[in-house]
Amino acid sequence: MTSSRRRFMQFLAGSPLAAAAGGPLAQTLLPGTRLPDPLMWAPLDAAKLIKDPKQAINVFDFEPVMRQNVPPAHFGYMASGIDDEVTLRANREDFLKFQLRPRRLVDVSKVDMSTEILGVKYPTPIVVAPVGGQKAFHADGEIATARGAKAGNHLMILSTATTSSVEEVSAARGAPVWYQLYATNKWEVAKAFVTRAERAGCPAVAVTVDRSGGRNQETLFRLRAGDTRDCSGCHDRSSLQANMKRRSMYEGVDLTGLTHTQSSNMTWDFLKRLRDTVKMKIVLKGILAHEDARLAVQHGMDGIIVSNHGARSEDSGRSSIDALPEILDAVGGRMPVLVDSGFRRGTDICKALALGAQAVCIGRPYIWGLGAFGQPGVERVLELLRIEVHAIMQQVGAPTLKHLVPAMVRRVPGSASY
């Protein structure tokens, strides 16, 4: 951590805002805890919470409002990284490894942000990433998110752990959504999920390949310990089947023999079996190494999402934006590459698009909006990101996404990928 950041954190710790009784900042800056989404990246006054989504100046304005509205355990589930949360911080800090190289004297009076993904054109490259259990953040859950995505016509990816059915979400979105798959170690479970999703009209399945083992979500565990509610009414942890009863996709699915939803036995053979089962496009979510990207091409996959699961799967320290260039190089334009994890600003999105990503998936920011204000919060978060992307495209001299090219991005000397 640089000296300037240390001084900033010392200022925050000593600020009277941190001592505001019961305030969101006071809850965040308890001794021995870390900021869930480091506040150093958020130019806001956490003591003055917005009262309406339209008051938000940036996506960070929603996080402290969500924290005020949402129970501690639910907030902790959303905010948590793994272990020391090195990857959680790297997902933000590593955008500093890349600088944009603006071009001038280009007519940017009209900006076209549209992109094509797997043969479908979208007006924006901003995708709503899959996040499970959204009714934990707002009563309307995924339905509110789908309606918020519809307002800006964003592609939406629905989590296997959704608390609303794929059929309801698709109807609320008013357009096909992609389905994200947690396959488990039992083929019959995965088959039940994907066949239902395909019947619901999902054109693509994003197979999560980075949930292969356990995880120590310290922020979740610490905040859950301070949650005074009786959670047993909603969370029956006597068995996996009982624990998943509130997750729509698990209705009628036999989980016998499973103790978790991880996919520790998944291999390329699983993907061949999946290809033989459904006609949906298959996208691999969680690729971080060029070797796996090349294998994805060799095995006929339809796309990749470069992702470290928002730093929720492992604490390798490798950010998605740092991994993106080597994945793009390995793929060589043979399939679309999307990216997620840590994106909070239009400049973040612009850097990934200029490097060669087809689209960028947003997670926590729209959940902040959901937890703060429901559907209007989701709409405003996505609107703010569109506004920022539009502005930075004008600033760098790119009237369309095709004008965002790798030459517009400079890697800072001494920050080579590892």
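Refer to the structure above for everything that follows.
A brief structural summary. (Residues numbered from 1 in each chain as written. Predicted model: local features only at pLDDT ≥ 70, side-chain atom pairs only at ≥ 80, totals over all residues. Heavy atoms only, no water.)

This next bit is on the pairing of strand E8 (residues 281–287). Most of E8 sits out of view: six of its seven residues are buried. Examined bridge by bridge, strand E7 (residues 204–208) and E8 share five bridges and lie parallel to one another. Following the sheet pairing, Val-205 is matched in E8 by Ile-282. Where E8 and strand E9 (residues 303–306) come together, four bridges link them in parallel fashion. Residue Val-283 lies in a different strand from E9, and its bridge partner there is Gly-303. Between the parallel pair E8 and E9, the chain is carried across by helix H12 (residues 290–298), and the sense of this crossover is right-handed. (Buried < 20%, exposed > 50% of the residue type's maximum accessible area, 1.4 Å probe, protein only. Helix = DSSP H or I, 4+ residues; strand = E, 2+ residues; numbered from the N terminus. Pairing = 2+ DSSP bridges. Right-handed = clockwise from strand over helix to strand, strands pointing away.)

With that settled, the discussion passes to the pairing of strand E6 (residues 178–181). Sheet faces and side chains relate simply in a regular strand, where the side chains alternate between the two faces. Burial along E6 is two-sided: Trp-178 and Gln-180 facing one way and Tyr-179 and Leu-181 facing the other are all buried. Examined bridge by bridge, strand E5 (residues 157–158) and E6 share two bridges and lie parallel to one another. When the sheet's bridge partners are listed, Ile-157 is paired in E6 with Trp-178. You can see the chain leave E5, run along helix H7 (residues 166–173) and come back into E6, and the turn it takes is right-handed. Note: E6 against E7, three bridges, orientation parallel. Its bridge partner being in E7, Tyr-179 is matched across the sheet by Val-205. Taken together, E6, helix H8 (residues 187–199) and E7 form a β-α-β motif whose crossover is right-handed.

Moving on: helix H14 (residues 346–355). Counting buried positions along H14 yields nine of ten residues, so the element is predominantly enclosed. Taken together, the buried positions of H14 are Gly-346, Asp-348, Ile-349, Cys-350, Lys-351, Ala-352, Leu-353, Ala-354 and Leu-355. A positive phi of about 135° marks Gly-356, the residue just after H14.

What follows covers the pattern of salt bridges. Taken as a whole and assessed by the stated rule, the structure comprises 16 salt bridges. Residues Lys-272 and Asp-276 are paired through a salt bridge, measuring 3.3 Å at the closest nitrogen-oxygen approach. One end of the pair, Lys-272, and the other, Asp-276, are both in helix H11 (residues 268–277), four residues apart, so they sit about a helical turn from each other. For Asp-276, a relative accessible area of 58% translates into the label exposed. Here Arg-275 and Asp-302 are joined by a salt bridge, their closest N and O atoms 2.9 Å apart. Note that Arg-275 is positioned in helix H11 and Asp-302 in the loop between H12 and E9, a separation of 27 residues in sequence. Looking at Arg-275, the relative accessible area reads 29%, which means it is partly exposed. Because the salt bridges share partners, they merge into one network encompassing Asp-94, Lys-97, Arg-318, Asp-322, Glu-326 and Arg-411. (Salt bridge = Lys/Arg side-chain N within 4 Å of Asp/Glu carboxyl O.)

Within H12, burial applies to Ala-293, Ala-296 and Val-297. For H12, the angular spread of buried residues about the axis comes to 100°, placing them on one side. Residues of H12 that are buried make contact with H11, E8, E9 and helix H13 (320–331). Immediately downstream of H12, the backbone of Gly-300 shows phi near 75°, a positive value. (Arc of directions from axis to C-beta. Contact = heavy atoms within 4.5 Å.)

Within the fold, Tyr-179 resides in strand E6. According to the relative accessible area criterion, Tyr-179 is buried, its value standing at 0%. The sequence separation of Tyr-179 and Gly-201 amounts to 22 residues, and the corresponding C-alpha distance is 9.7 Å. Contact partners of Tyr-179, with chain neighbours within four places excluded, come to Ile-157, Leu-158, Ser-159, Thr-160, Phe-193, Ala-197, Cys-202, Ala-204, Val-205, Ala-206 and Met-249.

Attention now moves to the packing of aromatic side chains. Taken as a whole and assessed by the stated rule, the structure comprises five aromatic pairs. Aromatic pair Phe-95 and Phe-343: ring centres 5.0 Å apart, planes at 75°, arrangement edge-to-face. Residue Phe-95 is located in the loop between helix H5 (86–93) and strand E1 (98–100), and its partner Phe-343 is located in the loop between strand E10 (337–340) and H14; the two are separated by 248 residues in the primary sequence. Given a relative accessible area of 3%, Phe-95 falls into the buried group. If you follow Arg-312 out to its NZ or CZ, it ends over the ring of Tyr-77, 4.6 Å from the centre. (Phe/Tyr/Trp six-rings, centres within 6.5 Å; stacked < 30°, edge-to-face > 60°. Lys NZ or Arg CZ within 6 Å of the ring centre and 35° of its normal.)

Bringing the sheet that holds strand E11 (residues 359–362) into the picture now. Read across the sheet, eight strands follow the order E4-E11-E10-E9-E8-E7-E6-E5 without closing on themselves; strand pairing throughout is parallel. A strand with exactly one partner marks an edge of an open sheet, and here the two such strands are strand E4 (126–128) and E5. Contacts between H8 and the sheet are confined to E6 and E7, with E6 contributing the most and set at about 175° to the helix. Across the sheet, H11 is in contact with E6, E7 and E8; its angle to E8 comes to roughly 155°. (Axes fitted to C-alpha atoms, helices over the stretch in contact; angles between N-to-C directions.)

Below, the discussion takes up the packing of H14 against helix H16 (residues 375–396). The geometry of H14 relative to H16 is characterised by a closest axis approach of 8 Å and an angle of 60° between their N-to-C directions. With respect to their mutual orientation, H14 and H16 come out oblique. Along this stretch, H14 crosses H16, giving a crossing that reads as right-handed. Residues Gly-346, Thr-347, Ile-349 and Cys-350 of H14 form the contact with H16, whose own contacting residues are Leu-385, Glu-388, Val-389, Ile-392 and Val-396. Broken down by class, the residue content of the contact of H14 with H16 amounts to six nonpolar, two polar and one charged. (Parallel < 35°, antiparallel > 145°, perpendicular 65-115°, else oblique. Left-handed = near helix turned anticlockwise from the far one by under 90°. Nonpolar A, V, L, I, M, F, W, Y, C, P; charged D, E, K, R; others polar.)

The next thing to look at is the nonpolar core. Among the nonpolar cores identified, the biggest contains 107 residues, and Leu-181, Val-207, Phe-270, Leu-324 and Leu-404 are the most heavily contacted of them. Looking at which element gives the most residues to this core, the answer is H16, with nine residues. Residues contacting Phe-270, with those up to four places away along its chain left out, are Leu-181, Ala-183, Trp-187, Ala-190 and Val-207. The next biggest cluster of nonpolar side chains, apart from the first, holds 14 residues, and it includes Tyr-122, Ala-129, Val-283 and Ile-305. (Core = buried A, V, L, I, M, F, W, Y, C linked by side-chain atoms within 4.5 Å.)

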